[in-house]
Amino acid sequence: MTAHIRAKKDQIAETVLMPGDPLRAKWAAETFLEDPKLVNDVRGMLGFTGTWRGNRVTIHGSGMGMPSLSIYAHELITQFGAKTLIRIGSTGAMQAHVKMRDVILAQTASSISTPSAGIFREVNFAPCADFGLLRTAYDAAQSKGSDVHVGGIYSSDVFYDERPDLTEMMTRHGILAVEMEAAELYNLAARHGCRALAVLTVSDHLVTGEQLPSADRQSSFGDMVEIALEAAFA
Ligand code: GMP
């Protein structure tokens, strides 16, 4: 039990999937896990533990933004022994060749700052995905027939961004998409010797202005859960 997770130590699995939205955690646990049990509901941040093909898995919300994710990921790793953490979430595409609903595997995550930035002081630490997870997720996405891209993403601190020049510069440097959590997840995983990956689907497009209808979001989300589970237990 920690300040933000009211579970007993053995109620959290070593493998944790982290969607931003707690209700997506509930939906994913009820849809994909056998015998899912609610293990946290502090502040409405839901976490469930069950099994998938005989493997224990926890699906726990992260909330939106790096400060929120950082609290949950830190406690899951340091207090509950999580070893593999996979963010599953939505993202805004920043390249014309990336289409709505495409899957993006974040090889690296750039940011202006992260909750961890202070400890690196003068160093620009490069947060990157675990290669083993990245490879197995890529194989899983391909075998599902998903259009999958691997590359750098941008973990932003703002959703309503007043800096179009930054977006333009990121796009010019080949950044595939923007979201708000992955860089800090990668920092924490690096610090604690864990494996981490962000599996994202394109829910909106910064170049074309498209937005995914909510019915489509559910099915894209389901694909990500399967890719993440297959990657974790490959
Ligand atoms: O709606 C915001 C949430 O969805 C955050 O948790 C982000 O990770 C993610 N997200 C999806 N699309 C976008 C986007 O276009 N911009 C930003 N900043 N976050 C996005």
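Every chain begins its residue count from 1, and numbering advances along the sequence as written. In keeping with the predicted nature of the model, local features appear solely for residues at pLDDT of at least 70, side-chain atom pairs appear and are counted solely at 80 or more, and the whole-chain, interface and lining totals rest on all residues. Excluding hydrogens and water, the side-chain values take into account all heavy atoms of the structure.

Undergrad: What's the story with the packing of helix α2 (residues 66–78) against helix α6 (residues 182–192) in this structure? I'm lost.
TA: When two helices pack together, you describe them by how their axes are tilted relative to each other and by the distance separating the axes. Fitting a line to C-alpha atoms yields each axis, with helices limited to the stretch in contact; the angle taken between N-to-C directions then spans 0 to 180 degrees. Here a strand is any run of E in DSSP of at least two residues, a helix any run of H or I of at least four, and the numbering for each starts at the N terminus. The contact between α2 and α6 brings their axes to 9 Å, and the two run at 25 degrees. The angle between α2 and α6 falls in the class roughly parallel. Our pair here, α2 against α6, has a crossing hand that is right-handed. Each of M66, L69, S70, A73, H74, I77 and T78 in α2 lies in contact with α6, whose residues at this interface are A183, E184, L185, L188 and H192. Here the angle decides the label: under 35 degrees means roughly parallel, over 145 means roughly antiparallel, 65 to 115 means roughly perpendicular, and every other value means oblique. Handedness of a helix crossing follows the sense of rotation of the near helix relative to the far helix, less than a right angle counterclockwise being left-handed and clockwise being right-handed. We call two residues in contact whenever any of their non-hydrogen atoms come within 4.5 Å of each other.

Undergrad: Can you help me understand the pattern of salt bridges in this one?
TA: Opposite charge on two side chains lets them pair, provided their charged atoms get close. Salt bridges are identified by distance alone: a Lys or Arg side-chain nitrogen within 4 Å of an Asp or Glu carboxyl oxygen. This structure, assessed with the given rule, holds 8 salt bridges. A salt bridge links K26 to E30; the nearest nitrogen and oxygen atoms lie 3.1 Å apart. With K26 and E30 both in helix α1 (residues 22–32), this residue pair falls 4 residues apart, about one helical turn. E30 sits in the partly exposed class, given a relative accessible area of 48%. For the salt bridge of R87 with E181, the shortest nitrogen-to-oxygen distance reads 3.0 Å. Only protein chains enter the accessibility calculation, which uses a 1.4 Å probe. A residue is then buried if its area is under 20% of the maximum for its type, exposed if over 50%, and partly exposed in between.

Undergrad: Explain the pairing of strand β2 (residues 34–40) here, please?
TA: Strands pair, by our definition, only if DSSP identifies at least two bridges between them. Pairing of β2 with strand β3 (residues 47–52), which is carried by 4 bridges, proceeds in the antiparallel orientation. In the strand pairing of β3, N40 is matched with G47. Count of turn residues in the β2/β3 antiparallel hairpin: 6 residues, of which R43 carries a positive phi of about 55 degrees.

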